[in-house]
Amino acid sequence: MRKCVVCGTEYEYCPTCYRDKFKPKYMLTIHSENCKGIWDVMSAYATKQLTKEEAKEFLAELDVKVAQKFNPVVAQYIKEING
């Protein structure tokens, strides 16, 4: 079992098992494409590769409605970007 670093969801993923062999490698730490998108936006914003306005546009395309469930650092960035 693994726990998503973005939202805390528990999920199964084994990078050496045949059943998961062809799944994306981001699944080592992140459970879904949505959470990967949130992580990518947050990371780019934190490193000033995106402005607040650009980050807000990208986040608008992702599901961030369950922000209270997010890792506190991720939730803080979402609040800062959308605030």
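Everything here concerns the structure above.
This text gives an overview of the structure that appears in the document.

The rules behind the values
- Residues numbered from 1 in each chain as written.
- Predicted model: local features only at pLDDT ≥ 70, side-chain atom pairs only at ≥ 80, totals over all residues.
- Heavy atoms only, no water.
- Disulfide = S-S within 2.5 Å.
- Buried < 20%, exposed > 50% of the residue type's maximum accessible area, 1.4 Å probe, protein only.
- Salt bridge = Lys/Arg side-chain N within 4 Å of Asp/Glu carboxyl O.
- Helix = DSSP H or I, 4+ residues; strand = E, 2+ residues; numbered from the N terminus.
- Core = buried A, V, L, I, M, F, W, Y, C linked by side-chain atoms within 4.5 Å.
- Contact = heavy atoms within 4.5 Å.

1. With respect to the state of the cysteines
Under the criterion given, the structure shown has one disulfide. A disulfide bridge connects cysteine 14 with cysteine 17, and the sulfur atoms are separated by 2.4 Å. Its S-S torsion of about 70 degrees marks the bond between cysteine 14 and cysteine 17 as right-handed, since a negative value means left-handed. On the basis of relative accessible area, cysteine 14 is assigned to the buried category, the value being 18%.

2. Considerations on the pattern of salt bridges
For the structure on display, the rule yields four salt bridges. Between glutamate 12 and arginine 19 there is a salt bridge, with its nearest N and O atoms 3.6 Å apart. In this structure arginine 19 comes out as exposed when scored by relative accessible area, which is 52%. In this structure, the salt-bridge partner of lysine 36 is aspartate 40, at a minimum N-O distance of 2.7 Å. Linking lysine 36 with aspartate 40, this pair stays in helix α1 (residues 33-46), spanning four residues, or about one helical turn. Exposure remark for aspartate 40: the relative accessible area of 37% places this residue in the partly exposed category.

3. Considerations on the nonpolar core
With 22 residues, the main nonpolar core has Cys4, Val6, Ile38, Leu59, Phe70, Val74 and Ile78 as its most contacted residues. At the level of secondary structure, the elements contributing two or more residues to this core comprise α1, α2 (52-60) and α3 (72-82). A total of six residues in this core trace back to one element, the largest contributor, which is α1. Excluding anything up to four places from it in sequence, valine 6 contacts Ile30, Cys35, Ile38, Trp39, Phe70, Asn71 and Val74.

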